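Here is what each chain is made of, one letter per residue.
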Amino acid sequence: MAEIRQDPTTREWVIMAKDRARRARDSVPGRVSKDSPIYSPSCPFCPGNEEMTPPGVLSYSDEKTGRWSVRVFSNRFPAVTPEGSTTRRLEDSFFLSMDGVGIHEVIVECPEHNKTPDAMGPDALTQVLMAYQERYKALSRLPSVKSIIIFKNHGPRAGTSLDHPHSQLVAVPVVPTETRARYDMAIRHYDDNGSYLYMDLVRQEQQVGTRIVMESDGFVVFHPFASKYPFETWIVPRKREASFGHASGADLAGLAEALHETLTRLHRVLDNPDFNYVLDSAPVGDEGKEYYLWHIRIIPRLTEIAGFEIGTGIHINTSLPEETARAMRDV
Ligand SMILES: [Zn+2]
C-alpha cells in the first residue's frame, strides 16, 4: 500500500508509491500526431482491448456507432488505493504519515488512438468534461476525500506514459499545500477588499487587454501577469463558483468551446506541444464558500525546471505573457 508522508520543513505531502514504477508504458512514450495510427493493437485504451484495463466505472456511448465515446476506470498502477485509514501516524515521535488512501482513475477521452488535442471538437470535449464532473461529484461524497485533482499529460515532456488521449483523476485525503495557499490567498483578499480575488483578477486582465487570448460569453482565457512558464494559459469562468463540481451543464459546454479553441491555438502556434493541464477547484468541503473560483491552467512543457527553480521556487520565464498572448490571438 502507498503511504502519504509530510515534509516537516514545509508541510508538503509526498505520496510514496513504489508499485507505480511498474506501470504500463508505451515502449517509446510519445505524443499522438496526425501520423499516428487510429488503432494500436498493444494499446490498453483502444476499443477492443478493454480487458487490458480494470472494469469501467463510467462510460458514455456514441449514439451513432453505439460504441463507447468516453471510458473511466481505476488506474491499474494507482498512486493511492481505496483501502486504508486517514488517521495520521507519528513516526519516531516526529514524522507525520498516513496510509496512501484515495482513488486514482483514468479517463480515456475518445476511442481514436491518434486524436490530437486540437482535433477534439467541442461536443467530444463536453463529454470528457461531463465525465470529469460525474466522477468528481461521486468521489467528493466519500468521507476520506479532501481534494480531487483532474489533470492531463500530453507528450513525453509532460510525463505521459501512454499515447492514447487520456486524462487522470486523483482523489486524496489531504489538501495540497499549493491548493491551500491559493485558497487562503483568496480569503485574505476578500478580508482586505470585500471583493473576490479571481473576479478582480479577470476584470483587471480584461481592462489591460494585452494578455487576453480570447473571451467568450462564459469564459476568459489569458496569459497571467506573472506567468511561470512560456505560454502558461488560464481559462477562467466569468460566473463565480468555487467548485468545478457545481458548474452547470451550460458551463461545461462553454468550457468545452473555450478549451477547444485554446488547445487549437496552442497546437498551431507551438506545433503540437507537450503540455499539462490541471483543473483547480476549491478543497472538498469548501465548495459552498464563495472566495475561490475554479479554473483550468494549461502549462506547455517548452523548458525544463532547473536548479534555480528547484532551489528557490522562483521561475525564470524566458518569454513575456503580453507577447505570447498576442501570438495566440494572431494565429
Ligand atoms: Zn489507443
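Below is a summary of the structure that appears in this document. Just so we're clear, the structure is a prediction, and the values are computed from it rather than from any experiment.

Turning next to the overall build of the protein. Counting secondary structure elements, the protein contains six helices and 14 strands. Taken against the 2.2 N^0.38 rule, which gives 20 Å for 331 residues, the C-alpha radius of gyration of the protein at 20 Å falls within 12% of a compact globule. With respect to the three principal axes, the spread of C-alpha positions in the protein is 55 × 55 × 40 Å. Within the protein, the fraction of its 331 residues that count as buried is 49%. Across the protein, every contact between residues at least 6 apart in sequence was considered, and the portion connecting residues at least 24 apart equals 68%.

The subject of this paragraph is the packing of aromatic side chains. One pair of aromatic rings is described through two measures. These are the centre distance and the angle between the planes. Throughout the structure, instances matching the rule amount to eleven aromatic pairs. Pairing Phe219 with Trp294 gives two aromatic rings, centres 6.1 Å apart and planes at 65°, and the pair type is edge-to-face. Placement of the pair is Phe219 in strand β11 (residues 219–222) and Trp294 in the loop between β13 (275–280) and β14 (295–300), with a sequence separation of 75 residues. Accessibility classification places Phe219 together with Trp294 in one group, the buried group.

On to the side chain of Thr116. Its location among the elements puts Thr116 in the loop between β7 (103–108) and α1 (122–140). Overall, the relative accessible area of 8% leaves Thr116 in the buried class. Here Thr116 is in contact with Val32, Ser33, Lys34, His267 and Asn272, once residues within four sequence places are set aside.

To continue, consider a nonpolar patch on the surface. Taken together, the side chains of Phe308, Ile314 and Ile316 define a hydrophobic patch exposed on the protein surface, amounting to about 300 Å² of accessible area. Inspection of the secondary structure assignment puts Ile316 in the loop between α5 (307–312) and α6 (321–330). Residue classification places Ile316 among the exposed positions, given a relative accessible area of 53%.

Viewed as axis vectors pointing N to C, helix α2 (residues 177–193) and helix α3 (residues 197–208) meet at an angle of 85°, and their least axial separation amounts to 8 Å. In terms of their interaxial angle, α2 and α3 are classed as roughly perpendicular. Across the interface between the two elements, Arg182, Met185, Ala186 and His189 of α2 pack against Leu197, Tyr198 and Asp200 of α3. Within the contact of α2 with α3, the residues separate by chemical class into four nonpolar, one polar and two charged.

The element strand β9 (residues 166–172) is largely enclosed, with a buried count of seven among its seven residues. Residues of β9 alternate between two faces, with His166, Gln168, Val170 and Val172 on one and Ser167, Leu169 and Ala171 on the opposite face, all of them buried. Here β7 pairs with β9 via six bridges, running antiparallel. Of the residues in β9, the one forming a bridge with Val106 is Gln168. Here strand β8 (residues 147–154) runs beside β9; their pairing, made up of five bridges, is antiparallel. Residue pairing in the sheet places Ile150 in a bridge with Leu169 of β9.

So, on to the pattern of salt bridges. A side chain of one charge can pair with a side chain of the opposite charge when the charged atoms of the two come close. As enumerated under the stated definition, the model contains 18 salt bridges in all. Here Asp251 makes a salt bridge to Lys239, at a shortest N to O gap of 2.8 Å. Remark: Lys239 occurs in the loop between β12 (233–237) and α4 (249–270) and Asp251 occurs in helix α4; sequence separation between them is twelve residues. The salt bridge partner of Glu290 is Arg240, with a shortest N-O separation of 3.6 Å. Residue Glu290 is located in the loop between β13 and β14, and its partner Arg240 is located in the loop between β12 and α4; the two are separated by 50 residues in the primary sequence. The exposure class assigned to Glu290 is partly exposed, which follows from its relative accessible area of 36%. Where salt bridges share partners, they join Glu3, Arg5, Arg89 and Asp99 into one cluster.

This part is about the sheet that holds β12. Spatial ordering of the open sheet is given by β3-β4-β7-β9-β8-β13-β14-β12-β11-β10, a layout of ten strands whose pairing is antiparallel. The sheet terminates laterally at β3 (56–61) and β10 (212–215), the two strands that pair on one side only. Strand-to-strand twist in this sheet, taken as the mean axis angle between neighbours without regard to direction, amounts to 15°. In the packing of α3 onto the sheet, the strands contacted are β10, β11, β12 and β14, and the crossing angle to β11 comes to about 65°. Sheet strands touched by α4: β10, β11, β12, β13 and β14. Its angle to β14, the strand with the most contacts, is close to 15°.

Conventions used here
- Residues numbered from 1 in each chain as written.
- Predicted model: local features only at pLDDT ≥ 70, side-chain atom pairs only at ≥ 80, totals over all residues.
- Heavy atoms only, no water.
- Helix = DSSP H or I, 4+ residues; strand = E, 2+ residues; numbered from the N terminus.
- Rg over C-alpha atoms; globule rule 2.2 N^0.38 Å.
- Buried < 20%, exposed > 50% of the residue type's maximum accessible area, 1.4 Å probe, protein only.
- Contact = heavy atoms within 4.5 Å.
- Phe/Tyr/Trp six-rings, centres within 6.5 Å; stacked < 30°, edge-to-face > 60°.
- Patch = residues over 30% accessible without salt bridge, like charges linked within 9 Å, V, L, I, M, F, W, Y side chains within 5 Å.
- Areas by Shrake-Rupley, 256 points an atom, 1.4 Å probe, with all protein chains shown as cover.
- Salt bridge = Lys/Arg side-chain N within 4 Å of Asp/Glu carboxyl O.
- Axes fitted to C-alpha atoms, helices over the stretch in contact; angles between N-to-C directions.
- Parallel < 35°, antiparallel > 145°, perpendicular 65-115°, else oblique.
- Nonpolar A, V, L, I, M, F, W, Y, C, P; charged D, E, K, R; others polar.
- Pairing = 2+ DSSP bridges.

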